[in-house]
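# Reading the structure
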Amino acid sequence: MLDMKRIREVPELVRQGVQNKNEKGDVDAVLVIDRRRRDIIAEVEQLKNTRNVVSQEIAQLKKEKKDADDKIAEMKVVSDSIKQLDEELRIVDVDLRDRVLALPNICHESVPVGRSSADNVELRSWVPPHTMRLNEEPEHVVLDHIELGKKHGILDFDRGAKLSGSGFPLYVGQGATLERALINFMLDTHLREHGYREVFPPFVVNTESMYGTGQLPKMSEDMYRCADDDLYLIPTAEVPITNMYRDEILEAEQVPSYFCGYSACFRREAGSYGKQTKGFLRVHQFNKVELVKFARPEQSYDELESLVGNVEHILQLLEIPYRVLLLCSGDTSFSSAKTYDLEVWSPAENTWLEASSCSNFEDFQARRANIRFRPEGAQSKPQFLHTLNGSGLATSRLMVAILENYQTPEGKIIVPKPLQPYTGFTMIG
RNA sequence: GGAGAGGUGGGUGAGUGGCUGAAACCAACGGUUUGCUAAACCGUCGUACUGGGAAACUGGUACCGAGAGUUCGAAUCUCUCCCUCUCCGCCA
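Residues numbered from 1 in each chain as written. Chains lettered and ligands numbered in written order. Predicted model: local features only at pLDDT ≥ 70, side-chain atom pairs only at ≥ 80, totals over all residues. Heavy atoms only, no water.

### Examining the overall build of chain A
Let me state the cut-off plainly: Strands are runs of DSSP state E lasting at least 2 residues, helices are runs of H or I lasting at least 4, and numbering of each runs from the N terminus. Accessibility here uses a 1.4 Å probe with only protein chains present; expressed as a share of the type maximum, an area under 20% marks a residue as buried, one over 50% as exposed, and anything in between as partly exposed. By definition, residues are in contact when any of their heavy atoms lie within 4.5 Å. The Shrake-Rupley method, run with a 1.4 Å probe, gives the accessible areas here. Residue values count only the displayed protein chains as cover. Only four residue types enter the charge count, namely Lys and Arg as positive and Asp and Glu as negative; His and the chain termini do not. Just so you know, the charge point we use is NZ for Lys, CZ for Arg, CG for Asp and CD for Glu.
A tally of regular secondary structure across chain A gives 13 helices and 16 strands. Seen through its principal axes, chain A has C-alpha atoms that stretch 100 × 45 × 45 Å. Among the 429 residues that make up chain A, the fraction classed as buried is 50%. Intrachain contacts of chain A at a sequence separation of at least 6 include 73% that bridge at least 24 residues. Total accessible area on chain A is roughly 20800 Å²; 48% of this is exposed by carbon and sulfur atoms. Taking the average place of the 53 positive charges on the side chains of chain A and the average place of its 66 negative ones, the gap between the two points comes to 3 Å.

### Brief notes about the protein's contact with RNA strand B
Filter applied, for reference: What makes a residue near a molecule or strand is one non-hydrogen atom of that residue sitting within 4 Å of it. The term polar contact refers here to a pair of N or O atoms within 3.5 Å; inside protein, the definition further demands a hydrogen-donor-capable atom paired with an acceptor-capable atom, and it admits residues adjacent in sequence only when both atoms are side-chain atoms. Asp, Glu, Lys and Arg are counted as charged, while Ala, Val, Leu, Ile, Met, Phe, Trp, Tyr, Cys and Pro are counted as nonpolar; the rest, among them Gly, fall into the polar class.
Around RNA strand B, the structure places 24 residues, and the nearest of them are Arg-38, Glu-45, Asn-49, Ser-79 and Ala-378. Contact between RNA strand B and Arg-38: a phosphate oxygen at 3.0 Å from a side-chain N or O atom of the residue. Listing elements by their share of the surface near RNA strand B, those giving two or more residues are helix 3 (27–63) and helix 4 (69–101). Sort the elements by how many residues they give to the surface near RNA strand B and helix 3 lands first, with 12 residues. The class makeup of the residues in the surface near RNA strand B is seven nonpolar, five polar and 12 charged.

### Section: the sheet that holds strand 5 (residues 231–233)
To keep it simple, the criterion reads: For two strands to count as paired, DSSP must find a minimum of two bridges between them.
A sheet is described by the order of its strands in space; here three strands give the open sequence 3-5-4, paired in antiparallel fashion. Across the chains shown, the open sheet's two edge strands, defined by having one partner strand only, are strand 3 (204–206) and strand 4 (225–226). Pairing geometry for strand 3 and strand 5, over three bridges, is antiparallel. Directly across from Asn-206, in strand 5, lies its bridge partner Leu-231.

### Thoughts on the pairing of strand 11 (residues 351–360)
Within strand 11, seven of the 10 residues are buried, which leaves the element mostly enclosed by the surrounding structure. Bridge count between strand 10 (residues 338–346) and strand 11: nine bridges; the pairing is antiparallel. Within the sheet, the bridge partner assigned to Val-344 lies in strand 11 and is Leu-353. Between the end of strand 10 and the start of strand 11, which pair antiparallel, lie four residues, with Asn-350 showing a positive phi angle near 55 degrees. Two strands pair when backbone bridges link them, and strand 11 and strand 14 (residues 386–394) are joined in this way by three bridges, in the antiparallel orientation. Directly across from Cys-358, in strand 14, lies its bridge partner Gly-390.

### Some thoughts on the packing of helix 3 against helix 4
Worth spelling out the cut-off: An axis is simply a line fitted to the C-alpha atoms; with a helix, the fit covers only the stretch in contact. Between two such axes, the angle follows the N-to-C directions and lies from 0 to 180 degrees. Here is the rule for angles: anything less than 35 degrees is roughly parallel, anything more than 145 is roughly antiparallel, 65 through 115 is roughly perpendicular, and the remaining ranges are oblique. The hand of a helix crossing depends on one turn: near helix anticlockwise from the far one by less than a right angle means left-handed, and clockwise means right-handed.
Interhelical geometry of helix 3 versus helix 4 gives an angle of 155 degrees and a closest axis separation of 8 Å. Put simply, helix 3 runs roughly antiparallel to helix 4. Note that helix 3 runs across helix 4; the crossing there is left-handed. Of the residues assigned to the contact of helix 3 with helix 4, the class counts are 19 nonpolar, three polar and 14 charged.

### Structural notes on the packing of aromatic side chains
The line we're drawing: Note on aromatic pairs: the rings of Phe, Tyr and Trp (six-membered ring only in Trp) are paired at centre separations within 6.5 Å, and the planes decide the class, stacked below 30 degrees, edge-to-face beyond 60, tilted for the rest. In this scheme, Lys NZ or Arg CZ marks a charge over a ring once it lies within 6 Å of the ring centre and within 35 degrees of the ring normal.
Counted by the stated rule, this structure contains 14 aromatic pairs. Here the aromatic rings of Tyr-171 and Phe-280 are separated by 5.6 Å at their centres, their planes lie at 40 degrees, and the arrangement is tilted. With a gap of 109 residues between them, Tyr-171 in the loop between helix 6 (157–163) and helix 7 (174–194) and Phe-280 in the loop between strand 7 (257–266) and strand 8 (285–295) connect regions that are remote in the sequence. A relative accessible area of 1% means that Phe-280 is categorised as buried. When the ring of Phe-200 is compared with that of Tyr-262, the centres are 5.9 Å apart and the planes differ by 80 degrees; the resulting orientation is edge-to-face. Highlighted residues: Phe-200 in the loop between strand 2 (197–199) and strand 3 and Tyr-262 in strand 7, separated in sequence by 62 residues. An aromatic cluster of at least three residues, connected via ring pairs, comprises Phe-157, Tyr-171 and Phe-280. Cation over ring: Lys-293 sits above Tyr-258, and NZ or CZ is 4.4 Å from the ring centre.

### Thoughts on helix 10 (residues 300–318)
To be explicit about the condition: Helix span is expected to be 1.5 Å times the residue number reduced by one.
Here helix 10 is 19 residues long and its end C-alpha atoms lie 27 Å apart, about the 27 Å a rise of 1.5 Å per residue gives. Of all the positions in helix 10, only Ser-300, Tyr-301, Glu-303, Leu-304, Leu-307, Val-308, Asn-310, Val-311, Glu-312, Ile-314, Leu-315 and Leu-318 are classed as buried. Looking one or two residues beyond helix 10, the residue adopting positive phi is Glu-319, at roughly 55 degrees.

### Some words on the side chain of Ser-359
Tracing the chain through its elements places Ser-359 in strand 11. A polar contact is formed between the side chain of Ser-359 and the side chain of Thr-339, at a distance of 2.8 Å. For Ser-359, the contacting residues outside a window of four places in its chain are Leu-304, Ser-336, Lys-338, Thr-339, Thr-387, Leu-388 and Asn-389.

This is the structure in structure tokens:
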């Protein structure tokens, strides 16, 4: 949620920002309603002041056993007016809030203005020395992850579909072990080398939490909902981890703090059938290790860079080719002010696959979720902090990259070195 | 699923419909004292919205789980809802 003061003070900047994101949002209507709201407040508070003062006088008169009927009659009228204005104010408040909530976050000045993914900027790419050259014709047949999974009996999409439907992968044998190894390796690396604190969150959350991080109301059709209990399956651990501090005020020394947590992620992916849906490329349930930072506003962009660095480190240790994109304004998500995407190389698809998205939300989520901190210690005035998060990383896309990049000419799969202590085997097949 | 208890500031916890934004205590912060620590003493110590002011600051309004009602006036009375905790049953 944007700061109403900011909208009021620099409306043209907000208008431009909304446009740059290819979002709709009526800034002018917001300004008009805001004006109306403050007029009502001025009027109703004046009346309430009168009521309070006269009520005191009535109390005084009664104490002195004098007659107060005139004043009481007078106040009856005032009270009715207050009731009317309060009702009007309530309606205006809701309307204003809905409209402000519909405005996207404004991109940081370093974000290139652009319409679509075509305008994203590739900042750098990294190719480990020992993997195959990306743009060369491979020397042997390259199997895709589905064929590899079937060949070794480690991924069973058919039985997954029998159990739950398409898009619910079933890992078997060494595939299941590799998946678990990947999760543990990523968690351990972030905890031990990057200073994150581990969280194991609930996988279902309530509506308030979904509003807090901005999944609701916009993305409701993309989430699994348990209607009987009014709970949602989380689409990412970002939701529970960021909401840990919803409606709280953190102490100065708690900011910045870094959290890292594994969760299964559930997405309905409604309306996306047909595009890149085979195998792991788009699934309804996947595993992800998520990084979340609560940062001081003046440091949040440095924190974003180090967050991306933490994710890159994982890919470098695993020796998986990747590239880093800076998303343009039009491709940056609703709540984010600046986002980097990390994409891993799929030799079978001959394309890059998004495996991580790292964003600085500035105070957009914090304002929604009401997460504040006291910057100068116990006596200082609370202010909104900045939230950041990034996938560190999603295993489904990573699994594709590992299987495909680490396949031998015979179609066997080498387990990446850092995962071997976790798997207990060095080769699949 | 059954039975019960309870939601008041950072915490504990008072609070006969008007003098209660809210006692007291603890924590925190500033200070005095002190060789250091401790103790003691003094002071400060909610948030949001809105108006004035360049600002320090200041006027007003609201907030005692949420919402509605009664009333000139509600933390206090009434109703509805939400949440938390405890015990029993069932179960991982």
